[in-house]
Amino acid sequence: MSGTVGTAICLLRCDLRAHDNQVLHWAQHNADFVVPLYCFDPRHYLDTHCYNWPKTGPHRLRFLLESVKDLRETLKKKGSTLVVRKGKPEDVVCDLITQLGSVTAVVFHEEATQEELDVEKGLCQVCRQHGVKVQTFWGSTLYHRDDLPFRPIDRLPDVYTHFRKALESGARVRPTLRMADQLKPLAPGLQEGTIPTMEDFGQKDPVTDPRTAFPCSGGETQALMRLQYYFWDTNLVASYKETRNGLVGMDYSTKFAPWLALGCISPRYIYEQIQKYERERTANQSTYWVLFELLWRDYFRFVALKYGRRIFSIRGLQSKEIPWKKDLQLFSCWKEGKTGVPFVDANMRELSATGFMSNRGRQNVASFLTKDLGLDWRMGAEWFEYLLVDYDVCSNYGNWLYSAGIGNDPRENRKFNMIKQGLDYDGNGDYVRLWVPELQGIKGADIHTPWALSSAALSQAGVTLGETYPQPVVTAPEWSRHIHQRPGGSPHPRGRRGPAQHKDRGIDFYFSRKKDAC
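Residues numbered from 1 in each chain as written. Predicted model: local features only at pLDDT ≥ 70, side-chain atom pairs only at ≥ 80, totals over all residues. Heavy atoms only, no water.

Chemist: Before we move on, could you go through the overall build of the protein and cite the residues and values that matter?
Modeler: Counting its regular elements, the protein contains 19 helices and five strands. The C-alpha atoms of the protein give a radius of gyration of 24 Å, which matches the 24 Å a tight globule of 518 residues would have. On the principal axes, the C-alpha backbone points of the protein span a range of 85 × 55 × 45 Å. A total of 518 residues make up the protein; the buried ones form 57% of that total. Charge centroids of the protein, computed over 68 positive and 60 negative side chains, lie 4 Å from each other. (Helix = DSSP H or I, 4+ residues; strand = E, 2+ residues; numbered from the N terminus. Rg over C-alpha atoms; globule rule 2.2 N^0.38 Å. Buried < 20%, exposed > 50% of the residue type's maximum accessible area, 1.4 Å probe, protein only. Lys, Arg positive; Asp, Glu negative; His and termini not counted. Charge placed at Lys NZ, Arg CZ, Asp CG, Glu CD.)

Here it is as structure tokens:
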């Protein structure tokens, strides 16, 4: 730098970490004073666009508050702190520029969707008016936007497999950044500000349900501990592909998603740890599959860059005219877990109670809402936005478009069979029993189709349909093939020993490439 004293404001949004953070890294090398800043933007706590559910529910809000608190503690250990304000980022930054008088740069990571881009536009206007430099970076994905083999972004393939193959054969992941042990100090006289509470947002701290599959706290510290546990302490990552479709407990999947959504952990750091694990322990289909899932996350973010506002359109990416229903009574049955279809209800009750749902569950309840009930997919997308602890705008809307058949799914009219899925992934009904206790008296796989049981069997189980548990709001004709079937009685028995292993194109290529690189 020149001899002038300069202050860099580092606006942090979905990058709440001290490791591999290019915003903090740049400021450290280009300013005398560094102001890490987080703004609680009031627009994030309004209602959703179409159906007016709250945008941020209690589970995610608590996780966010924990993450902000944790980052402040981490930065304090590095000689800095996290400045916290309530207000629109563009207004807060404007006030700080005026207050400090020494701001030479405002630094932030770029985002992909409209509301976030509007904030960036406002920040640029403020900085232009005050003669302050704007420095931006791309840091939310595994593969950098500028390293994609598709330039411009309009050339991004509309099928994930084509995207994945192109990246695996012709792109590299950039290395993580080495961060300074001590950060530059805050500008003199600047108050760090108080971190708000749940009550400040008019919300109550949710009670942790003992059945939850995600009993974790927010923040970078917990994220790094989770990776240490899942990779190095237990070797669970080496069996991820076999367990990832589980439903009960903490250890069937990585559970990285909530921390990734807020940027508490860097996808590039996960990648480097996978590479290290493969060198030092084992490389197999499971270690590859963690990267495969990270690539899906990348893909939906790049799809959002390509299509812009269209990811929120009722017609989707394919501009399909589908006569979606907007039946609020039917929707209430879905969101409250009272559809009368136990596998759906168990998943929806878990979401409501904990803010979390397995990947398998999400695919099923989305298919049920859009394909069996025929409801507007945006009702489901906005409900997930409200409740999910790991809500990520690009992944959420990308997945809902996919499920609704108007996104990036190359298969026409993909529809999940709720009964077959229940038998395949919850063959003995233990997951349903956990979340739908009124059906606990029904033994084994029969719990998935209580309406098909005799009056005597229901009576013996203490179940009265229409009173203690609902009649199904809909029954699909294809379900009948699986009624009274036991896991193992179908040509594809998966209920007791996990999901069937399909041939995974790409895995053989991945390992042959690694071998060549050695």
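Chemist: Hey, could you go over the sheet that holds strand E1 (residues 7-12) for me, with residue numbers and the actual values?
Modeler: Strand order in the open sheet formed by five strands is E3-E2-E1-E4-E5, and the pairing between neighbours is parallel. The open sheet terminates on both sides in strands that have one partner only, identified here as strand E3 (83-86) and strand E5 (133-137). In this sheet, adjacent strand axes meet at a mean angle of 25° when their direction is disregarded. Contacts from helix H2 (residues 58-77) reach E1, strand E2 (33-40) and E3, with the element oriented near 170° to E2. Here helix H3 (residues 89-100) sits on the sheet in contact with E1, E2, E3 and strand E4 (103-109), set at roughly 150° to E2. (Pairing = 2+ DSSP bridges. Axes fitted to C-alpha atoms, helices over the stretch in contact; angles between N-to-C directions. Contact = heavy atoms within 4.5 Å.)

Chemist: Can you explain the nonpolar core? Please cite residues and give values.
Modeler: Phe163, Phe231, Ile270 and Trp334 are the most contacted members of the largest nonpolar core, which totals 123 residues. At 14 residues, helix H10 (residues 285-307) tops the list of elements feeding residues into this core. (Core = buried A, V, L, I, M, F, W, Y, C linked by side-chain atoms within 4.5 Å.)

Chemist: Lay out the UniProt feature "site: Electron transfer via tryptophanyl radical" (unreviewed entry) in the protein in plain terms, naming residues and giving numbers.
Modeler: On the UniProt side, "site: Electron transfer via tryptophanyl radical" (unreviewed entry) is annotated at positions that read Trp324, Trp377 and Trp400 here. In sequence the annotated residues extend across 77 residues, while in space they remain close, none of their C-alpha pairs exceeding 13.8 Å. With respect to the secondary-structure elements, Trp324 resides in the loop between H10 and helix H11 (328-335). Its relative accessible area of 12% is what places Trp324 among the buried residues. Look past the residues within four positions of Trp324 in its chain and what remains in contact with it is Ile314, Thr370, Gly374, Leu375, Asp376, Trp377 and Ala404. (UniProt positions renumbered as here; feature names shortened; annotations may be inferred.)

Chemist: Give a description of the environment of Cys264 that names residues and reports values.
Modeler: Examined against the element boundaries, Cys264 turns out to sit in the loop between helix H8 (257-261) and helix H9 (267-280). Looking at Cys264, the relative accessible area reads 0%, which means it is buried. Residues Cys264 and Gly87, 177 residues apart in the sequence, show an inter-C-alpha distance of 22 Å. For Cys264, the contacting residues outside a window of four places in its chain are Leu16, Arg17, His19, Ser67, Gly219, Glu220, Ala223 and Trp259.

Chemist: Please give an account of the confidence of the model for the protein that cites residues and values.
Modeler: Chain-level statistics for the protein give a pLDDT mean of 93 and a share of 93% at 70 or above. Scored below 50 in pLDDT, residues 489-518 shows 43 contacts in the model against residues more than four places distant or in partner chains. (pLDDT = per-residue confidence, 0-100.)

Chemist: Break down the packing of helix H6 (residues 220-233) against H9 for me, with residues and values.
Modeler: The contact between H6 and H9 brings their axes to 11 Å, and the two run at 25°. Considering their axes alone, H6 and H9 lie roughly parallel with respect to each other. For H6 against H9, the interelement crossing comes out right-handed. Here Leu224, Leu227, Phe231 and Trp232 of H6 come into contact with H9, specifically with Tyr269, Ile270, Gln273, Ile274, Lys276, Tyr277 and Glu280. (Parallel < 35°, antiparallel > 145°, perpendicular 65-115°, else oblique. Left-handed = near helix turned anticlockwise from the far one by under 90°.)

Chemist: Let's hear about the pairing of E4: which residues, and what values?
Modeler: With six of its seven residues buried, E4 lies for the most part within the structure. Examined bridge by bridge, E4 and E5 share five bridges and lie parallel to one another. By the bridge assignment for E5, Val107 is matched with Gln135. Since E4 and E5 lie parallel, the crossover through helix H4 (residues 114-130) that links them has a hand, and here it is right-handed. (Right-handed = clockwise from strand over helix to strand, strands pointing away.)

Chemist: Quick rundown of helix H1 (residues 22-30)? Include the residues and the values.
Modeler: Burial in H1 covers these residues: Val23, Leu24, Trp26, Ala27 and Gln28. Buried residues along H1 sit against E1, E2, H2, E4 and E5.

Chemist: Lay out helix H15 (residues 393-404) with the relevant residues and their values.
Modeler: Counted at 1.5 Å a residue, the expected span for H15 with its twelve residues is 16 Å, and the 16 Å between its end C-alpha atoms agrees. Burial analysis of H15 places eleven of its twelve residues in the buried class, which makes it a mostly covered element. Considered for burial, the residues of H15 that qualify are Val393, Cys394, Ser395, Asn396, Tyr397, Gly398, Trp400, Leu401, Tyr402, Ser403 and Ala404. The elements touched by buried residues of H15 are H10, H11, helix H13 (359-372) and helix H14 (377-387). Its side-chain oxygen placed 3.0 Å from the backbone nitrogen of Cys394, Asp392 serves as the N-cap of H15. (Expected span 1.5 Å × (residues − 1). Polar contact = N/O pair within 3.5 Å; in protein donor to acceptor, adjacent residues only side chain to side chain.)

Chemist: Tell me about the UniProt feature "domain: Photolyase/cryptochrome alpha/beta" (unreviewed entry) in the protein, and name the residues and values.
Modeler: The UniProt record marks residues 6-142 with the feature "domain: Photolyase/cryptochrome alpha/beta" (unreviewed entry), using the residue numbering of this structure. Secondary structure within residues 6-142 divides into 42% helix and 22% strand; the distance between the first and last C-alpha atoms comes to 32 Å.

Chemist: Got a sec to walk through the side chain of Asp392? Specific residues and values, please.
Modeler: Here Asp392 shows up in the loop between H14 and H15. Within polar-contact distance, the side chain of Asp392 engages the side chain of Arg301 at 2.7 Å. The residues touching Asp392, leaving out its near neighbours within four places in the chain, are Ala261, Arg297 and Arg301.

Chemist: So, unusual backbone geometry: which residues are in play, and what are the values?
Modeler: Each neighbour pair has its own omega, and for Arg151 with Pro152 the value is -5°, a cis peptide bond. Position of Pro152 among the secondary structure elements: in the loop between E5 and helix H5 (160-170). With a phi angle near 45°, Asp20 is a residue other than glycine that sits in the positive phi range. Structurally, Asp20 is set in the loop between E1 and H1. The exposure class assigned to Asp20 is buried, which follows from its relative accessible area of 4%. The backbone of Ser319 shows a phi angle near 50°, a positive value even though the residue is not glycine. Looking at the secondary structure, you find Ser319 in the loop between H10 and H11.

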